[in-house]
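# A look at the structure
Okay, here's what each chain looks like letter by letter:
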Amino acid sequence: MEKECYENPRLVALYDLLNARGADWEYYLDLVAEAAGPILDVGCGTGALTVEAALCGPVVYGLDPSSAMLDVARRRASGDRVIWQQGILEGFAPELQFALLYMTGHAFQELGSDAEILAHFEAVRRLLTPEGRLVFDTRNPARRAWLNWVPERSERQLVLPGGDRVRVWHNVLDVSAGFVSFEEPYTFEVRGAGQDERLVSHSRLRFTTLEEITGLAAAAGLALESAYGDWDRRAIGDEAPELIVSLRPAPI
């Protein structure tokens, strides 16, 4: 099942264990503190960062296509501080504009075609205030992160609250034309069950260059404000793991 890791409740329950708070949170929360107006977390997932943003004081929306992810988000402590919405950005039409839209966790790589990215940027342009910004992160193609997406380098072991264990790893299936397809097997080692259970999620991610991003952004009326290679704001280079991009409405 495509994207089962976002839809299957058993896998969604592992999301926060696999995506712990890090330097990316601090980066985005600094942007939240600077924002002079409402904020939209695009692809908010289970809402951990979204709630932290709302606790800083602004009006915060959390938008995600997955009902299973949003079920977790709504149950969070202080989850009532966030306005949760199910859907995608292109169809999102609130009665206000946003000072900050952000998209974390390499979610931008789920946008496959130029047409999808352009439609996404056009929706951003519609939703931003004149002084607003979109900030997102995507893996730097030059770093070729997929070379580490093999079992011996990617396996992680999780211990669940009840003591059961889960092993998860990556297997790359195809690399071509800027896209990487891979599977994530999850093996649940349930104590006393006598037999492990395995679930597999499949994904296909686009590795977009900064030049591709800025070209499509310009076509949607957005201009590059800044781009960094990591959370410490280092310059982009072949060894930089990230492309952390900030776009603003282009001057008319």
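Described below are features of the structure shown in this document.

Calculation rules
Residues numbered from 1 in each chain as written. Predicted model: local features only at pLDDT ≥ 70, side-chain atom pairs only at ≥ 80, totals over all residues. Heavy atoms only, no water. Helix = DSSP H or I, 4+ residues; strand = E, 2+ residues; numbered from the N terminus. Rg over C-alpha atoms; globule rule 2.2 N^0.38 Å. Buried < 20%, exposed > 50% of the residue type's maximum accessible area, 1.4 Å probe, protein only. Contact = heavy atoms within 4.5 Å. Core = buried A, V, L, I, M, F, W, Y, C linked by side-chain atoms within 4.5 Å. Polar contact = N/O pair within 3.5 Å; in protein donor to acceptor, adjacent residues only side chain to side chain. Phe/Tyr/Trp six-rings, centres within 6.5 Å; stacked < 30°, edge-to-face > 60°. Lys NZ or Arg CZ within 6 Å of the ring centre and 35° of its normal. Expected span 1.5 Å × (residues − 1). Arc of directions from axis to C-beta. Pairing = 2+ DSSP bridges. Axes fitted to C-alpha atoms, helices over the stretch in contact; angles between N-to-C directions.

## Describing the overall build of the protein
Helix and strand counts for the protein come out as nine helices and 12 strands. Its C-alpha atoms give the protein a radius of gyration of 18 Å, within 12% of the compact-globule value 18 Å for 252 residues. The dimensions of the protein, computed from C-alpha atoms along their principal axes, are 65 × 40 × 30 Å. Relative to its 252 residues, the protein shows a buried fraction of 47%. The long-range share in the protein, meaning contacts at least 24 apart out of those at least 6 apart in sequence, stands at 61%.

## A word on the nonpolar core
If you look at the biggest cluster of nonpolar residues, it comprises 29 residues, and the most contacted ones within it are Leu 40, Leu 89, Leu 101, Phe 108, Phe 121, Phe 136 and Leu 247. Contributing elements (two or more residues each) for this core: β1 (39–42), β2 (60–64), β4 (98–103), α7 (114–127), β5 (128–139), α9 (210–219) and β12 (242–249). Element by element, the count of residues in this core is highest for α7, at five residues. In this structure Leu 101 touches Leu 40, Val 42, Leu 89, Val 124, Leu 127, Leu 128, Arg 133, Leu 134 and Val 135, once residues within four positions along its chain are discounted. In terms of nonpolar packing, the next biggest core, distinct from the first, is built from 22 residues, Trp 25, Leu 29, Ala 73 and Ile 244 among them.

## Some thoughts on the side chain of Ser 154
When you line up the elements, Ser 154 lands in helix α8 (residues 151–154). Engagement of the side chain of Ser 154 in a polar contact is seen with the backbone oxygen of Val 150, the distance being 2.7 Å. Look past the residues within four positions of Ser 154 in its chain and what remains in contact with it is Asn 148, Trp 149, Val 168, Trp 169 and His 170.

## Looking at the packing of aromatic side chains
Inspection of every chain in the model, using the stated rule, returns 13 aromatic pairs. Pairing Tyr 27 with Tyr 28 gives two aromatic rings, centres 5.9 Å apart and planes at 80°, and the pair type is edge-to-face. Grouping residues by exposure puts Tyr 27 and Tyr 28 together as buried. With 5.9 Å between their ring centres and 20° between their planes, Phe 108 and Phe 121 make a pair best called stacked. Of this pair, Phe 108 sits in the loop between β4 and α7 while Phe 121 is found in helix α7, placing the two residues 13 residues apart along the sequence. Its relative accessible area of 0% is what places Phe 108 among the buried residues. The buried category is assigned to Phe 121, whose relative accessible area is 0%. Put simply, the rings of Tyr 27, Tyr 28, Tyr 102 and Trp 231 pair up and form one aromatic cluster. Stacked on the ring of Phe 188, the Lys or Arg Arg 10 has its end atom at 4.1 Å from the ring centre. Positioned above the aromatic ring of Phe 179 is the side chain of Arg 204, whose terminal nitrogen or guanidinium carbon lies 3.9 Å from the ring centre.

## Describing α7
Its 14 residues place the ends of α7 20 Å apart at the C-alpha level, agreeing with the 20 Å of an ideal helix rising 1.5 Å per residue. Considered for burial, the residues of α7 that qualify are Ile 117, His 120, Phe 121, Ala 123, Val 124 and Leu 127. With its buried residues spanning 160° around the axis, α7 presents them on a single face.

## What to know about the sheet that holds strand β11 (residues 222–228)
On the basis of which strands lie adjacent, the open sheet formed by seven strands has the order β3-β2-β1-β4-β5-β12-β11 and mixed pairing. Every interior strand has two partners, whereas the edge strands, β3 (82–86) and β11, have only one. Each strand axis lies, on average, 20° off the axis of its neighbour in the sheet, ignoring direction. In this structure, β2 lies alongside β3, joined through five bridges in parallel fashion. Each bridged residue has a counterpart across the sheet, and for Tyr 61 the counterpart in β3 is Ile 83. Running at roughly 165° to β3, helix α6 (residues 67–74) makes contact with β2 and β3 of the sheet.

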